[in-house]
Amino acid sequence: MKLSEAVLFPKPVSLIETNSSFQLTDQTKILVSNDSKVLFKAGNYLASLLNPATGFNLKTEIGSEKEVTNNIHLKISNLDTKFGDEGYKLRIDEDKISLEANSVKGIIRGIQTIRQVLPNEIEASNKIEQSWYMATGEIQDYPDYKYRGAMLDVARHFFSVDDVKRYIDLLAAYKLNVLHLHLSDDQGWRIEIKSWPNLTAIGGSAEVGGGEGGFYTQEQYKDIVEYASDRYITIIPEIDMPGHTNAALASYPELNCDGKATQLYTGIKVGFSTLCTDKEITYKFIDDVIGELSAITPGEYIHIGGDESHVTEMEDYIYFINRVQKIVLAHNKKVIGWDEIAHADLEENTVVQFWAKKENALKGITKNAKVIMSPATKVYLDMKYDSLTKIGLSWAATIELDSAYSWTPETFVEGITKKDILGIESPLWSETIETMDDIEYMTFPRIIGHSEIGWTPAENRNWEDYITRLKKHRERLEIMDINYYNSNLLLE
Ligand code: TNX
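Bear in mind the structure is a predicted one, so any value in this text is a computation, not a measurement.

Basis of the calculations
Residues numbered from 1 in each chain as written. Predicted model: local features only at pLDDT ≥ 70, side-chain atom pairs only at ≥ 80, totals over all residues. Heavy atoms only, no water. Domains from an automatic or database assignment. Buried area = accessible area lost by both parts, 1.4 Å probe. Salt bridge = Lys/Arg side-chain N within 4 Å of Asp/Glu carboxyl O. Polar contact = N/O pair within 3.5 Å; in protein donor to acceptor, adjacent residues only side chain to side chain. Pairing = 2+ DSSP bridges. Helix = DSSP H or I, 4+ residues; strand = E, 2+ residues; numbered from the N terminus. Axes fitted to C-alpha atoms, helices over the stretch in contact; angles between N-to-C directions. Near = heavy atom within 4 Å. Areas by Shrake-Rupley, 256 points an atom, 1.4 Å probe, with all protein chains shown as cover. Left-handed = near helix turned anticlockwise from the far one by under 90°. Contact = heavy atoms within 4.5 Å. Nonpolar A, V, L, I, M, F, W, Y, C, P; charged D, E, K, R; others polar. Disulfide = S-S within 2.5 Å. Buried < 20%, exposed > 50% of the residue type's maximum accessible area, 1.4 Å probe, protein only.

Asker: Sorry if this is basic, but what is going on with the domain arrangement of the chain here?
Answerer: One widely used convention gives an interface's size as the accessible area the parts lose upon coming together. We note that the domain assignment places domain 1 (3-141) and domain 2 (147-490) within the chain. For domain 1 versus domain 2, the separation of C-alpha centres amounts to 32 Å. Taken together, the two surfaces of domain 1 and domain 2 that pack against each other cover about 2,500 Å², and 55% of this comes from carbon and sulfur. When residues of domain 1 are sorted by the area they lose upon contact with domain 2, Phe-9, Pro-10 and Lys-11 head the list and together hold 29% of the total. Applying the counting criterion to the domain 1 and domain 2 interface returns four salt bridges. Summed over the shared surface of domain 1 and domain 2, the number is 17 residue pairs in polar contact (both at pLDDT 80 or more).

Asker: Just checking my understanding: could you explain the sheet that holds strand β5 (residues 88-92) for this structure?
Answerer: By definition, the strands of a sheet pair up through backbone hydrogen bonds, in either a parallel or an antiparallel sense. Here we have seven strands laid out as an open sheet, ordered β1-β7-β5-β6-β4-β2-β3, and mixed in their pairing. The sheet is open, and its two borders are formed by β1 (14-24) and β3 (60-62), each paired with just one other strand. Across the sheet, the mean angle from the axis of one strand to that of its neighbour is 25°, orientation sign disregarded. Across eight bridges, the pairing between β1 and strand β7 (residues 132-141) is antiparallel. Bridge pairing links Leu-15 to Ile-139 in β7.

Asker: Which parts of the structure should I look at to understand the site of the ligand?
Answerer: The environment of the ligand is formed by 14 residues, the closest being Arg-156, Tyr-380, Asp-382, Trp-395 and Glu-431. Between Trp-395 and the ligand, the recorded distance is 2.7 Å, taken from a side-chain N or O atom to an oxygen atom. Coverage of the ligand by the protein amounts to 98% of the 360 Å² it exposes when considered alone.

Asker: Looking at this model, I keep getting lost on the pattern of salt bridges. Mind explaining?
Answerer: Side-chain pairs of opposite charge can arise whenever the charged atoms involved come near each other. Counted according to the given criterion, the structure contains 27 salt bridges. A salt bridge links Lys-127 to Glu-129; the nearest nitrogen and oxygen atoms lie 3.5 Å apart. One salt-bridge network, in which partners are shared between bridges, spans Lys-11, Glu-452, Asp-465 and Arg-469.

Asker: I would appreciate a short explanation of the packing of helix α7 (residues 280-295) against helix α8 (residues 314-330) in the present structure.
Answerer: Packed helix pairs are characterised by how far apart their axes lie and by the angle those axes make with each other. At a closest axis distance of 10 Å, the pairing of α7 and α8 adopts a crossing angle of 35°. Judged by the twist between their axes, the crossing of α7 over α8 is right-handed. Where α7 abuts α8, its residues Glu-280, Thr-282, Tyr-283, Ile-286, Asp-287 and Ile-290 lie against Tyr-319, Phe-320, Arg-323, Val-324, Ile-327 and Val-328. Split into classes, the residues belonging to the contact of α7 with α8 amount to eight nonpolar, one polar and three charged.

Asker: Sorry if this is basic, but what is going on with the state of the cysteines here?
Answerer: In a disulfide, the sulfur atoms of two cysteines are held together by a covalent bond. Tallied over the entire structure, the rule returns one disulfide. With a sulfur-sulfur separation of 2.0 Å, Cys-257 is cross-linked through a disulfide to Cys-276. Here the S-S torsion is close to 100°, and the disulfide linking Cys-257 with Cys-276 is therefore right-handed. With Cys-257 in the loop between α6 (246-251) and α7 and Cys-276 in the loop between α6 and α7, this pair connects stretches of sequence that are 19 residues apart. For Cys-257, a relative accessible area of 58% translates into the label exposed. A relative accessible area of 2% means that Cys-276 is categorised as buried.

Asker: Just checking my understanding: could you explain the environment of Ile-139 for this structure?
Answerer: Considering the arrangement of structural elements, one finds Ile-139 in strand β7. Taking the C-alpha atoms as reference points, Ile-139 and Leu-99, 40 residues apart in sequence, are found 9.6 Å from one another. The contacts of Ile-139, once residues within four sequence positions are left out, are Leu-3, Leu-8, Pro-12, Ser-14, Leu-15, Tyr-88, Lys-89, Leu-90 and Thr-113.

Asker: When you look at the pairing of strand β16 (residues 370-373) in this model, what are you seeing that I'm missing?
Answerer: The two faces of a sheet get side chains in turn, since along a regular strand they alternate between them. In the sheet, strand β15 (residues 351-354) pairs with β16 via four bridges, with the strands oriented parallel. Bridged to Val-351 within β16 is Lys-370. Across three bridges, β16 lies against strand β17 (residues 421-428) in parallel orientation. Looking across to β17, one finds that Ile-372 is bridged to Gly-423.

Structure representation (structure tokens):
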């Protein structure tokens, strides 16, 4: 097989083939030349991806590529600035492989390419008896957008730490770099806040449909953050407010304007709840929550929600968002909010996440905000594929694979240009999503297309080429044991 025939998602920026092959054997060494702990760790990550299926016991060693043949050499070097911190250069020769990047992040992205150049069976969780060849050549690659995310709603239905870790692994394979966790909503509060224990004791005990709910302890959350960080994925936690707060309002009567706790809610309506924006205790509450959350979140952003506050007066909403931004900044974090926050005065570095109203996103830009593109009609992973899809919603659209793939962030909304866009994010709301199988079904394969939209420049993308590659990629998805949607478009 030639390197140009390897099925690579997202499609790399450039590829040259040299028509030979490298064989991975039990003697192959993973070498790191810089004596760097993080690079050594990246080597171990590569070994952990290669060892199960090959049955080898590959190890990372400190050494120079000149010493031996049959090695995969990981190296931090000074590549051209266009490679940024996530780009990489992967050179596969007959006797060795070299993976270079400006930072370990780029090495981690390049490792995903090594995976995909290997036969599909490399994804098996048990030993497969076969030879492991890789086609030779050179790939130079770097992302078009620096923010490439997915969002998981763990509030409407709760998902275990293991489910979240599996999701992180699946995102990492396609070079995504952000997982936004929607940690609170009307139906549930999912993160332990030590100074307000009823949030989880009461607010964590419900979910859509009446299931038992659940929450992450701060230790579990830190474990998720670390797991993601080993794959160079940033966790962005969201506390949605002032609307979407019934779980908090049911936990503490004092957060309600009338001083009475609400009932827990297990339905799927939106827009009926609000924190009491003119009570001081509300801001003490938010300061405590953001304080505890910031202390266990190494990433630079806290997401404050701000969507669908239909029972908050606009004047109160603006006052509230202005104040909450200041609280987040006081904890040394930057703010992301859904596009409605553009009604408020935006602080420097506040980011607006476009999901529904382009007027809001455009207003955000006039206030100097950058935009994350999450148009519900293209990237909402909870939208059904077609009218026959058994789970999911369809208020924005039904989104088949072609629709999910065939759009371009920088031309999607007139007036939102490339310089305004931080990147793209695909949210999965979980009103109808109950299991990991459901998550995988709605996410795959659409998110593979989204990963390519975020990474590969628009001029290198087209639907025909994409679907042809995706058909070949199905076998790998099966070996990865992903419960993907087998669209008719993959069968034709
Ligand atoms: C709108 S998107 C919402 C969510 C729902 C979703 C369902 C957004 C910012 N708000 O509360 O879960 O639709 O598709």
